[in-house]
Amino acid sequence: MKDLFKTQDITYKREDAIKVYSDKDVASAYVAERIAKIIKHKQQIGERAIIGLATGSTPKGVYRELVRMHKDEGLSFKNVVTFNLDEYYPILPVDDQSYMSFMKSNLFNHIDIDHCHVHIPDGTLSLEGIQAYCDLYEQKIVDFGGLDIQLLGIGRTGHIGFNEPGAILESKTRLVTLNDITREDAKDDFGGKEKVPTQAITMGVQTITQAKEVILMALSQRKAEIIKLALEGEITTDIPATFLQKLRHVEYILDSEAASLLSR
Ligand code: F6R
C-alpha cells in the first residue's frame, strides 16, 4: 500500500481513496460531513442535492450524525432529494424489515426532508409492472441531474446495492435474485432465513458508478475478506464491488477491522 501515514483519526491512506479509522463513529462523522457539505453547497447556489442512500447496519452512524446536525446545527434537508439503492421484493413499505421503514426510523422521520423528495424502490409492484417502474426510477435520477453522491455498504458476497455476483457493469435498476449468503446475513432481521425475500429491486452497477461521487463504507471484521478482494483483487463480475476500482471518484471509508487484511 502506497503513501502510508498516520494522523489523529486516520491510521493510513492510499492515494487518498482509502481512509481507515480506528473509531467507527469518527468514520461515520466524516461521511456525514461530506454529505452535509454537498447539501450546504447546493443550498448556497440555489440547487437541490441529489443523494443516493444505503440501508443496513453500516450507515446507521452516518444517519445518526446527520440527524444530530439537523437538530443541533440546523442543517436543513429541504433542498435534498434522495434515491435509495434497493428494497426487498415483495415487501410492504410498512413492514418492519422494509428499507422504507429503516429509512424512516433512522433518518427521514427526524429531519425536515420533503417526503415527496424521497425515492425508495417499491416492493409492492406486480411482476409485470416492475421493469417499467425500474426504467422510470433510472429516468428520475437522470431528470434530477444525476446523483451528486452515492453512499454504499458492501455485502459479504461483494454486492453493492443488491448487485450480487454475476451483475455486469452495464446493469441498471431491475429485479434481482438475492444470493444465499445475503439471505443468511438478513435472517435475524426477518426471524429466519426462510422468511427473507428471495428477490429485491436494486439500482444497477451502472446507476451507482454514474454518481458524481461514491463512498463505500465497511465497518467490522466480517467485511475484512471481501474488502481485500474488492479493493485489491482483479475486476470481475464475481465481485461487483471490484467495478468501483475503475472509478476516480470513489472513496473507501473503513475501520481498522475491515481494513485488516489489506496489504500495507
Ligand atoms: C443496503 C445495500 C446492501 C448493504 C450491504 C451491507 O441498501 O444495498 O448492499 O449495504 O448488504 O449491509 P450491512 O451494512 O448491514 O453489513
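Residues numbered from 1 in each chain as written. Predicted model: local features only at pLDDT ≥ 70, side-chain atom pairs only at ≥ 80, totals over all residues. Heavy atoms only, no water.

Moving on: the overall build of the protein chain. Counting its secondary structure elements, the protein chain contains eight helices and 11 strands. For the protein chain, whose C-alpha radius of gyration is 18 Å, the value lies close to the compact-globule estimate of 18 Å for 264 residues. Each principal axis of the C-alpha distribution contributes one length, and for the protein chain these read about 50 × 45 × 35 Å. Within the protein chain, the proportion of its 264 residues that are buried is 54%. If you take every contact in the protein chain between residues at least 6 apart in sequence, the share linking residues at least 24 apart comes to 75%. Taken as two groups, the 32 positive and 39 negative side-chain charges of the protein chain have centres that lie 3 Å from each other. (Helix = DSSP H or I, 4+ residues; strand = E, 2+ residues; numbered from the N terminus. Rg over C-alpha atoms; globule rule 2.2 N^0.38 Å. Buried < 20%, exposed > 50% of the residue type's maximum accessible area, 1.4 Å probe, protein only. Contact = heavy atoms within 4.5 Å. Lys, Arg positive; Asp, Glu negative; His and termini not counted. Charge placed at Lys NZ, Arg CZ, Asp CG, Glu CD.)

For the ligand, the set of nearby residues contains 14 residues, the closest of which are Thr58, Asp86, His159, Gly161 and Lys223. A distance of 2.6 Å separates an oxygen atom of the ligand from a polar atom in the side chain of His159. Interatomic distance of 2.6 Å between a side-chain N/O atom of Lys223 and an oxygen atom of the ligand. Compared with its free state, where it exposes 410 Å², the ligand has 88% of that area covered by protein. Each residue belonging to the shell around the ligand can be placed in one class, and the counts come to four nonpolar, eight polar and two charged. (Near = heavy atom within 4 Å. Polar contact = N/O pair within 3.5 Å; in protein donor to acceptor, adjacent residues only side chain to side chain. Areas by Shrake-Rupley, 256 points an atom, 1.4 Å probe, with all protein chains shown as cover. Nonpolar A, V, L, I, M, F, W, Y, C, P; charged D, E, K, R; others polar.)

Among the five residues that make up strand β3 (residues 49-53), five are buried, leaving the element largely enclosed by the rest of the structure. Alternating residues of β3 divide into Ala49, Ile51 and Leu53 and Ile50 and Gly52, and every residue in both groups is buried. Where β3 lies against strand β4 (residues 80-84), five bridges are found, and the strand directions are parallel. For Leu53, the partnering residue across the bridge sits in β4 and is Asn84. Note that β3 and strand β7 (residues 149-152) share two bridges and pair parallel. Within β7, the position partnered with Gly52 by the bridge is Gln150. (Pairing = 2+ DSSP bridges.)

What follows concerns the sheet that holds strand β5 (residues 86-89). Taken in spatial order, the three strands of this open sheet run β5-β9-β8, and their pairing is antiparallel. Pairing within the sheet leaves two strands with one partner each, and these edge strands are β5 and β8 (174-177). With strand direction ignored, the average angle separating the axes of adjacent strands in the sheet is 30 degrees. Both β8 and strand β9 (residues 199-202) contribute to a ladder of four bridges, which runs antiparallel. Residue Arg174 lies in a different strand from β9, and its bridge partner there is Thr202. The strands touched by helix α4 (residues 130-143) are β5, β8 and β9; relative to β8, the strand with the most contacts, the crossing angle is about 115 degrees. (Axes fitted to C-alpha atoms, helices over the stretch in contact; angles between N-to-C directions.)

For the rest of this paragraph, the subject is the environment of Gly46. Tracing the backbone through its elements, the reader meets Gly46 in the loop between α1 (24-44) and β3. Considered as a pair, Gly46 and Asn79 are 33 residues apart in the sequence and their alpha carbons are 8.4 Å apart.

Let us now look at helix α2 (residues 60-73). Compared with an ideal rise of 1.5 Å per residue, which puts 14 residues at 20 Å, α2 spans 19 Å between its outermost C-alpha atoms and is within 8% of the ideal. Within α2 the residues assigned to the buried category are Gly61, Val62, Tyr63, Glu65, Leu66, Val67, Met69 and His70. Buried residues belonging to α2 abut α1, β3, α3 (99-106), β7 and β10 (214-218). Just past α2, the residue Gly74 takes up positive phi, approximately 75 degrees. (Expected span 1.5 Å × (residues − 1).)

Summed over all chains, the structure comprises 17 salt bridges. Residue Glu251 pairs with Lys19 through a salt bridge whose shortest N-O separation is 2.7 Å. One end of the pair, Glu251, is in strand β11 (residues 250-255); the other, Lys19, is in strand β2 (residues 18-21), and 232 residues separate them in sequence. You'll find Glu251 and Lys19 in the same group, each marked buried. Here Arg68 and Asp72 are joined by a salt bridge, their closest N and O atoms 3.4 Å apart. Of this pair, Arg68 and Asp72 both sit in helix α2, separated by four residues, roughly a single helical turn. On the accessibility criterion, Asp72 (56% relative accessible area) is exposed. (Salt bridge = Lys/Arg side-chain N within 4 Å of Asp/Glu carboxyl O.)

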